[in-house]
Amino acid sequence: SQWGEENLQALSIQEGEDVTMNCSYKTYTTVVQWYRQKSGKGPAQLILIRSNEREKRSGRLRATLDTSSQSSSLSITGTLATDTAVYFCATDGGSALGRLHFGAGTQLIVIP
Amino acid sequence: EAAVTQSPRNKVAVTGGKVTLSCNQTNNHNNMYWYRQDTGHGLRLIHYSYGAGSTEKGDIPDGYKASRPSQENFSLILELATPSQTSVYFCASGDRDIQDTQYFGPGTRLLVL
């Protein structure tokens, strides 16, 4: 398996709080992508961070990548109820074939 | 805006029947993918394609076939559907030029009775 942890995790927080979600992976990757999936929808990419980057920001989102520990995190500041979703990280396993390996995800519930 | 559509959106099939799930993309992406998603799990890759006429096996191809007749269309075929194939199926398109970002369709909910 690509991932160190396979089970879907769940987080429940109050609107306005900040949150950080983590993922770890077993094999080399050239990029880590974070996707968000809202209920009844397909996943949509939020942010992409390359292996030569340590941090990437986009609006209220901040992604980090630590290639030495093979881990990545996604932080959301000032959460909104509309951030309620499942968040996945995905890696390419170092492959040039365009395949992505998705983790089981984190279910985030933001309570208004 | 990238666009991936899937049909049907919901399907009820009988065990042993044939099911075809269709996907269309207007992104002109070379790569297309079929995943299944089961409750509490991430996305698992069934088949993928690098272009018209090509199909490759993903991580869980058993019981599924794929067809890519054109750049725009990618189908997933269950020749003999089984209840264990009850799931939500997602199609996606992507390309190396966009760092393999994948654009997903809305999903097809399949129930095999």
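Residues numbered from 1 in each chain as written. Chains lettered and ligands numbered in written order. Predicted model: local features only at pLDDT ≥ 70, side-chain atom pairs only at ≥ 80, totals over all residues. Heavy atoms only, no water.

A. Highlighting the overall build of chain A. Helix and strand counts for chain A stand at zero helices and 10 strands. Along chain A, helices and strands appear, N-terminal first, in the series β-β-β-β-β-β-β-β-β-β. In terms of overall dimensions, chain A is globule-like: its C-alpha atoms have a radius of gyration of 13 Å, near the 13 Å expected for 112 residues. Seen along its three principal axes, the alpha-carbon backbone of chain A occupies a region of about 40 × 25 × 20 Å. Across the 112 residues that make up chain A, the buried fraction comes to 44%. If you take every contact in chain A between residues at least 6 apart in sequence, the share linking residues at least 24 apart comes to 55%. Taking the average place of the 11 positive charges on the side chains of chain A and the average place of its 10 negative ones, the gap between the two points comes to 6 Å. (Helix = DSSP H or I, 4+ residues; strand = E, 2+ residues; numbered from the N terminus. Rg over C-alpha atoms; globule rule 2.2 N^0.38 Å. Buried < 20%, exposed > 50% of the residue type's maximum accessible area, 1.4 Å probe, protein only. Contact = heavy atoms within 4.5 Å. Lys, Arg positive; Asp, Glu negative; His and termini not counted. Charge placed at Lys NZ, Arg CZ, Asp CG, Glu CD.)

B. Broad picture of the state of the cysteines. Residues and elements named next belong to chain A. Tallied over the entire structure, the rule returns two disulfides over all chains. In this model C23 forms its disulfide with C89; the gap between the sulfur atoms is 2.2 Å. As the torsion about the S-S bond is roughly 140°, the C23-C89 disulfide counts as right-handed. Within this pair, whereas C23 is found in strand β2 (residues 19–24), its partner C89 is found in strand β8 (residues 85–91), the two being separated by 66 residues in sequence. (Disulfide = S-S within 2.5 Å.)

C. Expanded view of the environment of T20 of chain B. Residue and element names in this part refer to chain B. On the secondary structure map, T20 appears in strand β3 (residues 19–25). As for T20 and P8, which are separated by 12 residues in sequence, their C-alpha atoms are 8.9 Å apart. Excluding residues within four positions of it along the chain, T20 makes contact with P8, S75, L76 and I77.

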